[in-house]
Every structure is written in C-alpha cells, then in structure tokens.
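# Structure at a glance
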Amino acid sequence: MMLPFRLIKTSPESHFFPLYLYSAGSHYQFRHSKPLGFPVYQVFVVHSGKGLFHDLTTGEEWELGPGHAFLFPADRAHEYFPLSSEPWHIGFVGFFGSMADHFLEGIGLTIATTFYPARFEECWEDIRNLWQAIDIPSSSLQEETYMQGISVLLYRFLLNLRVAEQSREAMPLPQAEVPHNEALQKALMLMNQHYTEPLLISNLARAVGYSVQHFQHLFQQEYGCTPHKYLQNLRLERAMQIIRESPALPIQDVAQNLGMEPSYLIRLFRKTYGHTPGEVKKRITMSL
C-alpha cells in the first residue's frame, strides 16, 4: 500500500516525550538529495527493489534491498536513489524525543548499519498504523492522550525493528570459502595509493570483488575499524604531516590536496586531535 508522506504537527509539549513521531509514509522512491540533512532520526524500511544510500558528509554508502531496514541520524547531509529497474518501495518514519539517543542505544539499534528485521511485516504494518494515526482532526493535536498514543505506536515500531537478523551479506563466510586476506591487502594498497582522491567505499569493494556490506564487515573484523575510518585516518595523518612541513600553506590547499572539503577537514581534525589545523599551524609557527 502506498502511504503518501505525512508530517505531524508538533507542539511545545511534544519535546517532553521520550519518543515523538515527526513523519511517516511509504512510496516508490526516486533520486532524493538532502544537502542539509533531515531534522530528526529517519528509519527506512525497504519493501521491494534496490537502492543506494549515500552519506554526503562521510562518503559512506549502503545498498538497501528487500527486507532491509536502515537508521540514519538527524542533520547529516545525504542522498539516496534506486539501483534496479524494479520500483524501489520504501517505508519511512521520522522521529525525535527527549530520550531518543539513550533509547536507541539501550535497545541496541545501530545508526547507519543495514539489518534485516525478523518481524518485517509487523514493522511494515506499524508504519501504516503510524501514518493513519497522524490523520486526525487538527483540533485534537494538542491533546496529551493523542500524543501518548502516537508515542506508544512509535515505541512498538522501534522494538519490532530491534528483533533483527544479521544481514546475510554481513555474516562472515567460512575461511575456506573466501581468501579475503589477499583482497583486503589489495584494498589497503588502493587506499594508500589513492587516499587523496574522492575514493568511494563502494568502488573499493567492487575492485576487490565484494559487496559493500561484506567488504566492510571483513575489513572491520580484520583491522578493527571500518574502511571509511581507515581512509579518514590516512588523510588526517597526511594533513598533520603537510601542516608540520608547510605551516604557511592555507588550510584550503591542505584540504584540496587530500580531496576533502575544508570545513569537514577542520571539524574532523579538531574532533581527532583536540585542536583546529589553524591552532596547530600557529603553535608550529611560534616555535620556529
């Protein structure tokens, strides 16, 4: 069933609820870009077809196919588009709440990771129920009992998502079936050779013969971090080296040499090292 997008009207009282619905619906998805992100958490549930979800901030990508669910955080730039000729039918729920972060962590729902809900049909039915619950007379939107009812439906939906099976693609295969050491070493070589370029994880996975999800799982298992994190660390280490060797070089040029946006490099640099590139440059200059 197609459920056109519906956005719930919020009130000051809504922000006191542990969980609160923001939007719900389902449709055949075409290419969609959100350069400023979405203001709340989003859950995507795929009924049919296949598509690609691209995090525009980190560069990570995920393929979303039938039976998949995917949770994405608020205010992070992203885009998504279909990959198959079959219509990409997606159900979606947006939510927030005073305890949303702690609740998701408490029930073990991981952000930006594909998974298969074991109770998929119940999840799909929950989306329909949420969508129908929004469609009530506006005069009752301020009623606390109405808000509580919506919150309960949302709570049920998220708990049904939690009862999940590990993605078949993400499950490790027996060692005898996949000579993955050679493939991962090739991936490392490609990263070290091309980290200054806009290198996509999906292209790396394809180059070594794996799906994106399986490649990321094997890499994490072997090296203790995701391919994206490894690539990120390479760029940060090189950025620090460039700054030490050429402290007068503008940060825009440093970022360009690494294939990164200056604002993203500065934010990531500060998060990793505790100082901005400018502060490090200033200290180096003063010590000369």
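The sections below set out a description of the structure shown in this document. Because the structure is predicted, anything quoted here is derived from the model rather than measured.

Cut-offs used in this document
- Residues numbered from 1 in each chain as written.
- Predicted model: local features only at pLDDT ≥ 70, side-chain atom pairs only at ≥ 80, totals over all residues.
- Heavy atoms only, no water.
- 1 Å grid on protein atoms, 1.4 Å probe; cavity = no way out; pocket = protein on both sides within 12 Å on 5 of 7 lines; lining within 4 Å.
- Points joined across faces, edges and corners; volume = space filled by probe spheres on them.
- Helix = DSSP H or I, 4+ residues; strand = E, 2+ residues; numbered from the N terminus.
- Nonpolar A, V, L, I, M, F, W, Y, C, P; charged D, E, K, R; others polar.
- Buried < 20%, exposed > 50% of the residue type's maximum accessible area, 1.4 Å probe, protein only.
- Pairing = 2+ DSSP bridges.
- Core = buried A, V, L, I, M, F, W, Y, C linked by side-chain atoms within 4.5 Å.
- Contact = heavy atoms within 4.5 Å.
- Polar contact = N/O pair within 3.5 Å; in protein donor to acceptor, adjacent residues only side chain to side chain.

### A short note on the layout of surface pockets
In this model, the second largest pocket occupies a volume close to 420 Å³. Of all the elements in the fold, those that place two or more residues in the lining of the second largest pocket are strand 5 (51–55), helix 7 (227–245) and helix 9 (262–273). Split into classes, the residues belonging to the lining of the second largest pocket amount to nine nonpolar, eight polar and five charged.

### Observations regarding unusual backbone geometry
In the Ramachandran plot, Asp75 falls in the positive-phi region, its phi being about 60° despite a non-glycine side chain. Relative to the elements of secondary structure, Asp75 occurs in the loop between strand 7 (69–72) and strand 8 (78–82). The exposed category is assigned to Asp75, whose relative accessible area is 57%. Unlike most non-glycine residues, Ala112 shows phi in positive territory, near 55°. Secondary-structure assignment places Ala112 in the loop between helix 1 (100–107) and strand 10 (116–117).

### Focus on the pairing of strand 2 (residues 20–28)
Across the nine residues of strand 2, seven count as buried, placing the element largely inside the fold. One ladder, built from eight bridges, connects strand 2 with strand 9 (residues 89–96); its direction is antiparallel. Bridge pairing in strand 9 places Gly25 opposite Phe92.

### Quick word on the nonpolar core
In this structure, Val45, Phe95, Leu154, Phe157, Leu158 and Leu161 are the most contacted members of the largest nonpolar core, which totals 37 residues. Mapped by element, the contributors of at least two residues to this core are strand 2, strand 4 (41–48), strand 7, strand 9, helix 1, helix 2 (120–134) and helix 3 (144–162). Filtering out sequence-adjacent residues up to four positions away, Leu158 remains in contact with Leu19, Val43, Phe95, Phe103, Ile107 and Leu109. Counting residues in hydrophobic clusters, the runner-up holds 35 residues, among them Leu190, Leu204, Ala205 and Leu236.

### Here's the deal with the side chain of Thr58
Structurally, Thr58 is set in the loop between strand 5 and strand 6 (61–64). Polar contacts involving the side chain of Thr58 include one to the main-chain amide nitrogen of Glu60, which spans 3.3 Å. Non-local contacts of Thr58, meaning those with residues more than four positions away in its chain, are made with His228 and Tyr264.

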